[in-house]
Amino acid sequence: MKKTILAIAALASLGMAQTVTAADADAGKAIFQWAGTVPSPSIGAEGYWIVTADGGSILSATDGVMVFDNKAGNIQLKTASTFGFKVVTDKATGGAFDSATDTTGVAYKTTLSSIKAGKGGLTAIGGDDGYFAVTAGGDVLSTSAAKTFAKDEVATVTLKPAVDGSNFELASEGDVWTVQAAVAVTATGV
C-alpha cells in the first residue's frame, strides 16, 4: 500500500510540474536601440591645452545631464550639468598633454560656434527652436561677441532656457533631448 501511495504521489507531482511549465507565457521580445552623435574631441591649438578645472586632464564634456520640470504639460529646463575648464600652455609645444608640466595658465576667450539640439538622439542646428542657451561664467555665449577669461580663471559652461521661465514647447512627456554645443576657445596670452 505504501508503494502505491508513493507511486501515485510521484506521478501527481510530475503532472503538476508539467502543468506549471505549460502555464508559462509565450516569450516576447524586447528591442534595444541606441543613437548618438560622436562629438569632436575638445582640442587646443598650437601652444595650449583646454583642460579640466583642476588641470588634471584634457577637457571631456560629453556626459552632461539635463533635468526638466513638467507641470501639467508646461515643460521647462530646471538644471543642467556644469562643466569647468581653463587653458594652460603646452610646455613641450606639440607634445602630449602632461598634467605635471603643462600647468601655466593663460588668458583666453570663448565664443559660441554652434548649438545643436534634438530629441531621440538626433541633433540639428535649430532643432530646439532656440529654446536652449549656452552660458559661460554666467553669461550667455553668442556667435558674435567673445567672453574673456583671465589667466587661471575657470570657465563654467552650462545650459539654460534662452528666455528665463519659458516653456519648452517642442518637448513632450517621455522625450529624450540631446544638446551639443561647440564653443571656440582661443588663448589670448600665448
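The shown structure was predicted, so the numbers you read here are calculated from the model rather than taken from an experiment. The residue numbering used here restarts from 1 in each chain and proceeds along that chain's sequence as written. Given that this is a predicted model, residues contribute local features only at a pLDDT of at least 70 and side-chain atom pairs are listed and counted only at 80 or more, while totals for whole chains, interfaces and linings are drawn from all residues. Heavy atoms throughout the structure, all of them, feed into the side-chain values; hydrogens and water do not.

Caption draft 1: Here's a closer look at the nonpolar core. Nonpolar core, defined: a set of buried Ala, Val, Leu, Ile, Met, Phe, Trp, Tyr and Cys residues in which side-chain atoms within 4.5 Å join the residues together. The rule is simple: take the accessible area with a 1.4 Å probe, protein chains only, and divide by the maximum for that residue type; under 20% is buried, over 50% is exposed, in between is partly exposed. Ranked by size, the top nonpolar core spans 29 residues in total, and within it Met-66, Phe-85, Phe-132 and Leu-159 carry the most contacts. Elements represented by at least two residues in this core include exactly strand S1 (48-52), strand S3 (74-80), strand S4 (83-89), strand S5 (108-119), strand S7 (132-136), strand S10 (155-161) and strand S11 (177-187). Residue contacts follow a heavy-atom distance rule, with two residues in contact if any of their heavy atoms lie within 4.5 Å. When near neighbours in sequence (up to four residues on either side) are disregarded, Leu-159 contacts Met-66, Leu-77, Ala-80, Phe-132, Ala-133, Val-134 and Val-179. A run of DSSP states H or I qualifies as a helix once it reaches four residues; a run of E qualifies as a strand once it reaches two. Both are numbered from the N-terminal end.

Caption draft 2: Spotlight on the packing of aromatic side chains. Planes of paired rings set the category: under 30 degrees apart is stacked, over 60 is edge-to-face and the rest tilted, where pairs are Phe, Tyr or Trp rings (Trp by its six-membered ring) whose centres lie within 6.5 Å. For the structure shown, the criterion picks out nine aromatic pairs. Plain terms: the ring middles of Trp-49 and Phe-97 are 5.8 Å apart, the flat faces sit at 75° to each other, and that makes the pair edge-to-face. Taken together, the residues Trp-49 in strand S1 and Phe-97 in the loop between S4 and S5 connect sequence positions 48 residues apart. Seen from their ring centres, Phe-85 and Tyr-108 are 5.7 Å apart, and the 40° between their planes marks the pair as tilted.

Caption draft 3: Here's a closer look at the side chain of Ser-166. With respect to the element layout, Ser-166 can be found in the loop between S10 and S11. Under this definition, polar contacts are N or O atom pairs within 3.5 Å; protein pairs additionally need one hydrogen-donor-capable and one acceptor-capable atom, and for neighbouring residues in sequence, both atoms have to be side-chain atoms. Only 2.7 Å separates the side chain of Ser-166 from the backbone oxygen of Val-163, close enough to count as a polar contact.

Caption draft 4: View of the layout of surface pockets. Each cavity reported here is a set of points on a 1 Å grid over the protein atoms alone in which a 1.4 Å probe fits but cannot get out, each pocket an open set with protein on both sides within 12 Å along at least five of seven lines, and each lining residue one with an atom within 4 Å of a point. Grid points are joined across faces, edges and corners, and a volume is the space filled by probe spheres set on the points. By volume, the second largest pocket amounts to about 160 Å³. What lines the second largest pocket is Met-66, Phe-68, Asp-69, Asn-70, Ile-75, Ala-171, Ser-172, Glu-173, Gly-174, Asp-175, Val-176 and Trp-177. For this classification, Asp, Glu, Lys and Arg are treated as charged, while Ala, Val, Leu, Ile, Met, Phe, Trp, Tyr, Cys and Pro are nonpolar and the rest, including Gly, are polar. Broken down by class, the residue content of the lining of the second largest pocket amounts to six nonpolar, three polar and three charged.

Caption draft 5: Up close: the pairing of S10. Of all seven residues making up S10, five are buried, and the element is well covered by its neighbours. Note that S4 and S10 share three bridges and pair antiparallel. What sits directly across from Gly-84, in S10, is Thr-156. Strands were regarded as paired on the criterion that DSSP finds at least two bridges between them. Sheet topology note: the S7/S10 ladder contains five bridges and is antiparallel. The residue of S10 that forms the bridge with Phe-132 is Pro-161.

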